[in-house]
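Residue-level listing of the chains:
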Amino acid sequence: MKKIKKIKVLITGASGLLGSVLTNVLETYSLYAFSKEQFDITNFKNSKLKLHKINPDVIIHTAALTDLDYCELNPNISNVVNFLSTQNLVEYCYKTNCKMVYISSTGVYGTKYLKKNYTENDQIEPTTVHHKHKHESEILIKNKLKNFLILRTGWLYGGSILHKKNFVIKRYFEAKSKKIIYSDNSQFGNPTYALNLAKQIKVLLEKNISGTYNCVDHAKNVTRHYYVQEIIKNFDLNCQVKIGKKENFKRAAPVSHNESAYNYNLSKINLDLMDDWRVSLKAYIENIKKQIK
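Structure report, in brief. Fair warning: this is a prediction, and the values are worked out from it, not measured in the lab.

### Some details on the sheet that holds strand β3 (residues 58–61)
Backbone-to-backbone hydrogen bonds pair the strands of a sheet. The strands run either parallel or antiparallel. Ordered in space as β2-β1-β3-β4-β5-β9, the 6 strands form an open sheet in which the pairing is parallel. Only two strands of the sheet have a single neighbouring strand rather than two, namely β2 (30–33) and β9 (211–214). Direction aside, neighbouring strands of the sheet carry axes that sit 15° apart on average. Pairing between β3 and strand β4 (residues 99–105): 4 bridges, direction parallel. Each bridged residue has a counterpart across the sheet, and for V58 the counterpart in β4 is K99. Contacts between helix α1 (residues 17–25) and the sheet are confined to β1 (8–12), β2, β3 and β4, with β1 contributing the most and set at about 155° to the helix. Lying on the sheet, helix α7 (residues 194–206) is in contact with β3, β4 and β5 (148–153); it crosses β5 at an angle near 160°.

Structure follows, in structure tokens:
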């Protein structure tokens, strides 16, 4: 009987929030999951040598500099990490016909709408350095490759409670020791469970889908304040979440007030597997409650 060749998948940023979840979800593949230390995307020569040695069929590029304020203050560093490093990977994919799965952001849509959920057909008007580099990477991928997936997501949470970017567990510890906490009511988005996104990626890979897709959990008119309220409610904490003053949430990066999106392209092909954001958040919190007791 002929042995079926396992698809080789390389994940950049595997120690990140999404990367670490993907590593578990895609365990049936021939997986090469690298942390920043193991696969430095900014070392173009070494990363190309490693790529040629492994010869992956798919690269899932989750590694990025995601601190928006840092990117705004250090645009040259953001350019190297978020654009030029992607360019290096795209060149490899172009020469080898390797599939590129690029994790982009719903933040690229800009400020056209106050509350409406953006679709993939809406105009791109990034307002921050980080999102400009994300958009430039998207353009490069579309122009250079035929075999690609660009996935725009946002407000990701999930993974280990020890992960430094775990927004949910941070709010838990903040609220646990206080009677009142404050949150921003001026920004809208889709709280998205990383596990849902990882499972969605797996299905898109299995069906060999290409193109640009919003990949967020289903949400409408959800503010950061409402999101935090739901977190505290699900943890059963005796803490009130109040709307904070705008000046208390000033940032170096001019982040769009609306990062809400609708998975229009996924729904068109009947492959939108993402869930209602409240259902997913509740399930995640019920799971981590067992770990923090």
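### Focus on the environment of D69
Tracing the backbone shows D69 in helix α3 (residues 68–73). On the basis of relative accessibility, which here comes to 22%, the residue D69 falls in the partly exposed class. Here the alpha-carbon distance between D69 and N185, two residues 116 residues apart in the chain, equals 19 Å. When near neighbours in sequence (up to four residues on either side) are disregarded, D69 contacts R251, A252 and A253.

### A closer look at a positive patch on the surface
A contiguous patch of positive charge, built from K36, K164, K165 and K170, is present on the exposed surface. Following the sequence through the fold, K165 ends up in the loop between β6 (156–157) and α6 (167–176). On the accessibility criterion, K165 (43% relative accessible area) is partly exposed.

### Let's talk about the pairing of β9
Residues of β9 alternate between two faces, with G211 and Y213 on one and T212 and N214 on the opposite face, all of them buried. Examined bridge by bridge, β5 and β9 share 4 bridges and lie parallel to one another. Across the sheet, residue I150 finds its bridge partner in β9, namely T212.

### Topic: the nonpolar core
L22, L26, I60, V101, L151, I201 and L205 are the most contacted members of the largest nonpolar core, which totals 29 residues. Looking at this core, the elements with two or more residues in it are β1, α1, β3, β4, β5 and α7. Tallying contributions element by element places α7 first for this core, with 7 residues. The contact partners of L26, leaving out residues within four places of it in the chain, are V9, I11, L31, I60, K202 and L205. In terms of nonpolar packing, the next biggest core, distinct from the first, is built from 25 residues, I41, I54, I59 and V129 among them.

### Things to note about the side chain of H61
Of note, H61 is situated in strand β3. By relative accessible area, which is 1% here, H61 ends up buried. Of note is the side chain of H61, whose polar atom sits 2.8 Å from the side chain of T12.

### What about the packing of aromatic side chains?
Tallied over the entire structure, the rule returns 14 aromatic pairs. Consider the rings of Y157 and Y193, whose centres lie 5.4 Å apart with planes at 5°: the pair is stacked. Of the two residues, Y157 is situated in strand β6 and Y193 in strand β8 (residues 192–193); the sequence distance between them amounts to 36 residues. By the burial criterion, Y157 is buried, and Y193 matches it. Members of the aromatic cluster, connected to one another through ring pairs, are W155, Y157, F167, Y193, Y226, Y227, W277 and Y284.

### Re the environment of H135
Mapping H135 onto the fold places it in helix α5 (residues 129–144). Considered as a pair, H135 and S105 are 30 residues apart in the sequence and their alpha carbons are 8.7 Å apart. In this structure H135 touches V108, I124 and P126, once residues within four positions along its chain are discounted.

### Considering the packing of α1 against α7
Contact geometry for α1 and α7: axes closest at 9 Å, N-to-C directions at 55°. Classified by the angle their axes make, α1 and α7 are oblique. As α1 packs across α7, the resulting crossing turns out to be right-handed. Of the residues in α7, those touching α1 at L17, L18, V21, L22 and V25 are A194, L195, L197, A198, K199, I201 and K202. Its residues assigned to classes, the contact of α1 with α7 shows 10 nonpolar, no polar and 2 charged.

Cut-offs and rules
- Residues numbered from 1 in each chain as written.
- Predicted model: local features only at pLDDT ≥ 70, side-chain atom pairs only at ≥ 80, totals over all residues.
- Heavy atoms only, no water.
- Pairing = 2+ DSSP bridges.
- Helix = DSSP H or I, 4+ residues; strand = E, 2+ residues; numbered from the N terminus.
- Axes fitted to C-alpha atoms, helices over the stretch in contact; angles between N-to-C directions.
- Contact = heavy atoms within 4.5 Å.
- Buried < 20%, exposed > 50% of the residue type's maximum accessible area, 1.4 Å probe, protein only.
- Patch = residues over 30% accessible without salt bridge, like charges linked within 9 Å, V, L, I, M, F, W, Y side chains within 5 Å.
- Areas by Shrake-Rupley, 256 points an atom, 1.4 Å probe, with all protein chains shown as cover.
- Salt bridge = Lys/Arg side-chain N within 4 Å of Asp/Glu carboxyl O.
- Lys, Arg positive; Asp, Glu negative; His and termini not counted.
- Charge placed at Lys NZ, Arg CZ, Asp CG, Glu CD.
- Core = buried A, V, L, I, M, F, W, Y, C linked by side-chain atoms within 4.5 Å.
- Polar contact = N/O pair within 3.5 Å; in protein donor to acceptor, adjacent residues only side chain to side chain.
- Phe/Tyr/Trp six-rings, centres within 6.5 Å; stacked < 30°, edge-to-face > 60°.
- Parallel < 35°, antiparallel > 145°, perpendicular 65-115°, else oblique.
- Left-handed = near helix turned anticlockwise from the far one by under 90°.
- Nonpolar A, V, L, I, M, F, W, Y, C, P; charged D, E, K, R; others polar.

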